[in-house]
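Chain by chain, the residues:
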Amino acid sequence: MTDLENLLSERLADAFAAVAGERVDPVVRRSQHADFQADGALPLARRLGRAPREVAADALGRADLAGLVATAEISGPGFINLRLRDDALAGLVTAMSTDQRLGVPVTGAPETVIVDYSAPNVAKEMHVGHLRSTVIGDAAARTLTWLGHDVRRANHVGDWGTPFGMLIEHLLDLGETEAAHELSVGDLNGFYQGARAKFDADPGFAERSRQRVVALQSGDATTLRLWRLLVDESEKYFLAVYDKLGVTLTAADFYGESYYNDLLAPVVDALDGLGLLRESDGALCVFPQGFTGRDGEPLPLIVRKRDGGYGYGATDLAAIRHRTQDLAATRLLYVVGTPQHQHLAMVHQTAREAGWLAEPARAEHVGFGQVLGADGKKLASRAGQSVKLVELLDEAVVRAAAIVAEKNPDLDADTQAEVARMVGIGAIKYVDLAGDRIKDYTFAWDRMLSFSGDTGAYLQYTHARICSIFRRGEVAADPHAAVVLDHPTERALAMELLGFPAVVAEAGRTLQFHRITGYLQGLAGAYTAFYEACPVLKADGDALRASRLLLCELTARTLAQGLDLLGIQAPTRM
Ligand code: ARG
């Protein structure tokens, strides 16, 4: 147990309980004034009608902090400032270094978690919105898996609906071989736009397309085969992108909209049976509680359209039912852009009213903002189209290669290429995760790949530099060594290291991955200060040298683990 906040809370809890007459939170957090500050006396004093400083003194007088706390002082209106003992810190860091999991416990309450993410649309290019979903969702899947949850990835691909009429007709016009070729080389936009243009210009084509939709929905065998071809080719292409991006999504994770086709009619029947369905303009709708339009009228969620087809909402309802009832999931994450917030909120509310989303199961919209270009508008290519994802990834690797070649010309070509891939892809993921995800962010190449500052490359570089100490010194850290904290920068580094478990736990709860990037920045900074002040290989004496090597090794491992939770690789040289 190296979660320091918890450790101190536990130590203070009995004392606070004795003062309060019941268990209350001592509210321990990190502080700039000491190592930690406990603020629990303030709310407690208000409740008891006593002076806060007196309550703080009372609690402190009863607390058993022996062996852990060096000084405890009451400050300001009634805060308790706590400074830890150096030997206690050293002992905790030594323990962390012997722990494979770096002090992060496997959860005692594992859940089945669904991460609904990526979700591109068949025969349509993936855009940067899908990139964000893919990167954030993958970080969620990795982090929750590492914390010990049973994570199921659900790639809710758009593989069904009316556009398939025109897409199939276009495929027939092109011929299967040619169509498959266009799709497999990744010219999805070309294919889609070709179909769209004919649909708009040629009434005969539009009519054929409409009939094709009917044939598709009624299960016509030929039509289904052609549809399958479109889906298969697109999925192959998506998998190639995932491979480039280094995400954990696989072919087994495709749960496209079509997967729920047979569950749609039962959803409508069940909603009807529950009295939740109303007809509106010929469509069947639910009016979930709490949603009204500008005019104050209840807002409809369409489940069956006037033409008898099922909507996006019906599919999402069927998916929830499947997830909570068949897969017994209790935490449903939707990694989808903020523009779809209302849709998801309505779907979730409907599912609650239908009893398909009941405690302990709950759904969370893990929303995110847009990627903006330098002009402050939605990121677009020069032709004004949305930027093609693969091109963005390839450019990142090319740019990274130039920088790596310049910084480290001694690397052999294979290593250089490998490092460039890790740095380029890492940079893309890092900018996507390093800001508050709800906000938009501006995409700018120049800052992203810098080896210093708030970048993934800086963290990777710090990691690689530590690895080079061990290479240069031809040494390994001694797992039986003990950490001694001799210098203030060593102590500061120890405090940073011990913050890892709390940060990972928080990221698992909130899915705010900028907590992890911010933490890793702080750690890399503390390491750099330590390394500048403290000789490692030339440390004074064997014990100090072994201790410092251990701190180096532990820092490298923590950086690599933290980056891994974000899906970013840590090269050992760069
Ligand atoms: N395919 C959709 C899009 O590209 C995203 C799907 C999100 N997931 C969901 N369950 N609705 O916008």
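See the structure above.
First things first, this report covers the structure right here in the doc. Predicted, not measured: the structure shown is a model, and the values here were computed from it.

About the cut-offs
Residues numbered from 1 in each chain as written. Predicted model: local features only at pLDDT ≥ 70, side-chain atom pairs only at ≥ 80, totals over all residues. Helix = DSSP H or I, 4+ residues; strand = E, 2+ residues; numbered from the N terminus. Expected span 1.5 Å × (residues − 1). Buried ≥ 20, exposed ≤ 12 C-beta atoms within 10 Å, placed from the backbone. Contact = placed C-beta atoms within 7 Å. Near = placed C-beta within 6 Å. Nonpolar A, V, L, I, M, F, W, Y, C, P; charged D, E, K, R; others polar. Core = buried A, V, L, I, M, F, W, Y, C linked by C-beta atoms within 7 Å. Pairing = 2+ DSSP bridges. Axes fitted to C-alpha atoms, helices over the stretch in contact; angles between N-to-C directions. Bend = angle between axes of the 7 residues up to and from the residue.

Time to look at helix α13 (residues 341-354). Its 14 residues give α13 an end-to-end C-alpha distance of 20 Å, which sits within 8% of 20 Å, the value for a rise of 1.5 Å per residue. Buried within α13 we find Met346, Val347, His348, Thr350, Ala351 and Ala354. Close packing links the buried residues of α13 with α11 (261-273), β8 (283-286), β9 (301-304), α12 (312-326) and β11 (362-365). Where α13 ends, the next residue or the one after it, Gly355, has phi of about 85°, a positive value.

Residues in contact with the ligand, as listed here, are Asp116, Ala119, Asn121, His156, Gly158, Asp316, Tyr334 and Val336. Of the residues assigned to the shell around the ligand, the class counts are three nonpolar, three polar and two charged.

Its location among the elements puts Phe470 in helix α17 (residues 456-473). In sequence terms Phe470 and Cys552 are 82 residues apart; their C-alpha atoms lie 9.1 Å from each other. When neighbours within four sequence positions are excluded, Phe470 is seen to be in contact with Val475 and Ala476.

Of all hydrophobic cores here, the largest spans 172 residues; its most connected members are Ala59, Val93, Val115, Ala140, Val303, Val423 and Ala427. Take this core: its biggest share by element is eleven residues, from helix α15 (residues 413-434). The contacts of Val93, once residues within four sequence positions are left out, are Val483, Ala494, Leu497, Leu498 and Leu554.

Once that is clear, we can look at the sheet that holds strand β2 (residues 36-38). Read across the open sheet, the four strands follow the order β1-β2-β4-β3; overall the sheet is antiparallel. Because the sheet does not close on itself, it has two edges, and the strands there are β1 (28-30) and β3 (69-75). With strand direction ignored, the average angle separating the axes of adjacent strands in the sheet is 25°. In terms of strand pairing, β3 meets strand β4 (residues 79-84) through six bridges, oriented antiparallel.

Moving on, we come to helix α1 (residues 4-20). Here α1 contains 17 residues, and its C-alpha end-to-end distance of 23 Å stays within 8% of the 24 Å for a straight helix at 1.5 Å per residue. The largest bend in α1 is about 35°, located at Leu12. Among the residues of α1, those classed as buried are Leu4, Leu8, Arg11, Leu12, Ala15, Phe16 and Val19. Tucked inside the fold, the buried residues of α1 contact β1, β2, α2 (41-48), α3 (52-62) and β4.

In this model, Glu359 is joined to Pro360 through a cis peptide bond whose omega is 0°. The topology assignment puts Pro360 in the loop between α13 and β11. Positive phi outside glycine occurs at Leu102, with the angle close to 55°. For Leu102, the location among the structural elements is in the loop between α4 (86-97) and β5 (112-116). The backbone phi angle of Ala123 is positive, close to 60°, even though this residue is not glycine. Mapped onto the secondary structure, Ala123 falls in the loop between β5 and α5 (128-146). Here Ala123 falls in the buried class, since 27 other C-beta atoms lie within 10 Å of it.

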